[in-house]
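Structural overview for review
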Amino acid sequence: MLNVFKGWLARYFSDEEAILLTLLLVIGFAIILTMGSILAPVLASAVLAFLLQGLVAFLERKSVRHIWSVNIVFLIFLTLFIVILFVLFPLVWEQVTNLVDELPRMLQKGRKLLLLLPQRYPDFISPEQVGLWIGEASEQLGGLGQKVLSFSLTLLPNFVGLLIYLVLVPILVFFFLKDRELMLNWFTSLLPRNRPLMKQVADEMNDQIANYVRGKVIEIFIVGAVTYIVFAFLGVNYAALLGLLVGLSVIVPYIGAAVVTIPVALIGFFQWGWGNDFIILMVAYGIIQALDGNVLVPLLFSEAVNLHPVAIIVAVLVFGGLWGFWGVFFAIPLATLLKAIMSAWPRHQDQNNHNEEKIDTA
């Protein structure tokens with residue numbers, strides 16, 4: 001057993017660069033797991049700067065000086081930041097509180113519908129089962145209301161910290177954009193000069209993940225905005241909240257669209273019941289999902305991430321459990337990183353050649 005383990009180490013960790021890359025990955029994951037909350041503004045700023053770097057590079061290719069490209073992109077980011085903070089967030093929060101206030105009425109309407117089920121389907125559903133469902137629904141909705149209230153109360157003592165983050169993140173984004181090359185040169189100066197493994201992994205990540213992450217952000221904005229416009233035109237209650245949910249649902253492939261269908265259908269049903277308006281709403285929602293999957297995604301992701309659906313779902317579950325929202329958002333890029341490392345990982349062939357020689361001799 002010991003010889004097998006030594007052979008495995010000799011095959012996969014005989015290269016010094018492989019050991020260094022493993023050490024860097026372990027340190028990176030350890031820092032995020034142990035100090036993620038402390039470094040949250042720095043990590044969020046780095047992610048935002050990474051997303052904006054493509055636009056900076058585009059302007060530089062159009063012969064715009066680096067500092068002017070950074071200033072233009074930063075002004076665009078600051079404008080969007082202010083709009084989200086002072087327009088979108090208050091609108092969504094108002095609709096969330098209104099929805100929580102309306103939940104008892106929705107629950108009462110749903111209770112009446114559930115009580116009709118034992119009369120229509122007595123062989124399948126009993127009054128006792130309906131009573132259990134109603135009790136469970138009441139408990140869950142009550143807990144949801146308490147969570148919303150507690151969340152709003154916890155924001156009060158952290159208001160100063162929140163203000164610091166709101167000031168700190170834009171400043172960090174600016175410097176990450178402005179001094180990107182300087183920071184990268186400093187970091188790479190600490191690494192070995194000859195690093196083919198890291199270069200291969202970095203090239204693959206730059207080709208796939210950069211396009212994927214930026215494309216996913218664009219997809220979120222487009223799908224969310226179109227959903228809000230369509231739902232507002234149809235007169236759907238909580239159009240901004242539903243637009244946000246539908247936009248964020250594209251983060252999780254296969255699962256997000258199916259899950260977000262539930263609140264869309266419930267809000268439409270409680271607003272209109274089983275009528276033409278409800279059917280129009282669901283048809284419009286289906287068209288949005290179809291256009292997203294068949295038109296928008298192929299346009300944004302010309303170089304698709306080649307991962308099996310099972311690998312994508314496992315990555316979402318694992319990284320989402322570790323890092324919450326950001327883990328879900330970066331689940332596919334992180335899975336692609338692991339795949340790129342495994343593909344580029346050096347394998348010592350001496351042992352394999354020795355075994356082949358023994359077979360040939362025999």
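Just so you know, these numbers come straight off a predicted model, no measurement behind them.

Brief notes about the side chain of Thr227
Its location among the elements puts Thr227 in helix α8 (residues 196-234). Classification of Thr227 as buried rests on a relative accessible area of 0%. Not counting chain neighbours up to four residues away, the residues in contact with Thr227 comprise Leu242, Gly243, Val246 and Ile288.

Details of the packing of helix α10 (residues 256-272) against helix α11 (residues 276-300)
Remark: α10 packs on α11, axes separated minimally by 9 Å, with the N-to-C direction vectors making an angle of 160°. Comparing the axis directions of α10 and α11 gives the class roughly antiparallel. The two elements α10 and α11 cross, and the hand of that crossing is right-handed. Within the contact between the two elements, α10 uses Ala257, Val260, Thr261, Val264, Ala265, Gly268, Phe269 and Trp272 and α11 uses Asp277, Phe278, Leu281, Met282, Tyr285 and Gln289. Of the residues belonging to the contact of α10 with α11, the class tally is 10 nonpolar, 3 polar and 1 charged.

What about the UniProt feature "transmembrane region" (unreviewed entry) in the protein?
Residues given the UniProt feature "transmembrane region" (unreviewed entry) here are residues 12-32, 38-59, 71-93, 159-177, 220-245, 251-272, 279-301 and 307-338. Summarising residues 38-59: 91% helix, 0% strand, and an end-to-end C-alpha distance of 34 Å. Structurally, residues 71-93 comprises 100% helix and 0% strand, and the distance from its first C-alpha atom to its last is 31 Å.

As for the nonpolar core
Among soluble globular proteins, nonpolar side chains are generally buried collectively. Counting 56 residues, the largest nonpolar core has Val201, Val213, Phe231 and Val264 as its most contacted members. Every element with two or more residues in this core is listed here: α3 (40-61), α4 (66-120), α8, α9 (239-249), α10, α11, α12 (309-329) and α13 (331-344). It is α8 that contributes the most residues to this core, 10 residues altogether. Beyond its immediate stretch of four places on either side in the chain, Phe231 contacts Val236, Ala239, Leu242, Val264, Leu281 and Tyr285. Ranked by size, the runner-up nonpolar core spans 12 residues in total, among them Val73, Phe74, Val169 and Phe174.

Quick notes on the rules
Numbering of residues begins from 1 in every chain and follows the order in which that chain's sequence is written. In view of the model being predicted, local features appear only for residues whose pLDDT reaches at least 70, and side-chain atom pairs are presented and counted only at 80 or more, with totals across whole chains, interfaces and linings using the full set of residues. Water and hydrogen atoms play no part in the side-chain values, which are based on all heavy atoms of the structure. Going along the chain from the N terminus, every DSSP run of H or I of four or more residues is numbered as a helix, and every run of E of two or more is numbered as a strand. Only protein chains enter the accessibility calculation, which uses a 1.4 Å probe. A residue is then buried if its area is under 20% of the maximum for its type, exposed if over 50%, and partly exposed in between. By definition in these notes, contact holds between two residues if any of their heavy atoms fall within 4.5 Å. Here, axes are lines fitted to C-alpha atoms. For helices the fit covers the stretch in contact, and angles between N-to-C directions go from 0 to 180 degrees. Each angle gets one of four labels, with under 35 degrees taken as roughly parallel, over 145 as roughly antiparallel, 65 to 115 as roughly perpendicular, and the rest as oblique. The sense of a crossing depends on the near helix, which, turned anticlockwise from the far helix by less than a right angle, makes the crossing left-handed and, turned clockwise, makes it right-handed. For this classification, the nonpolar set comprises Ala, Val, Leu, Ile, Met, Phe, Trp, Tyr, Cys and Pro, the charged set comprises Asp, Glu, Lys and Arg, and every other residue, Gly included, is treated as polar. UniProt positions are given in the numbering used here, feature names are shortened, and annotations may be inferred rather than shown by experiment. Think of a nonpolar core as a cluster: buried Ala, Val, Leu, Ile, Met, Phe, Trp, Tyr and Cys residues, connected wherever their side-chain atoms sit within 4.5 Å.

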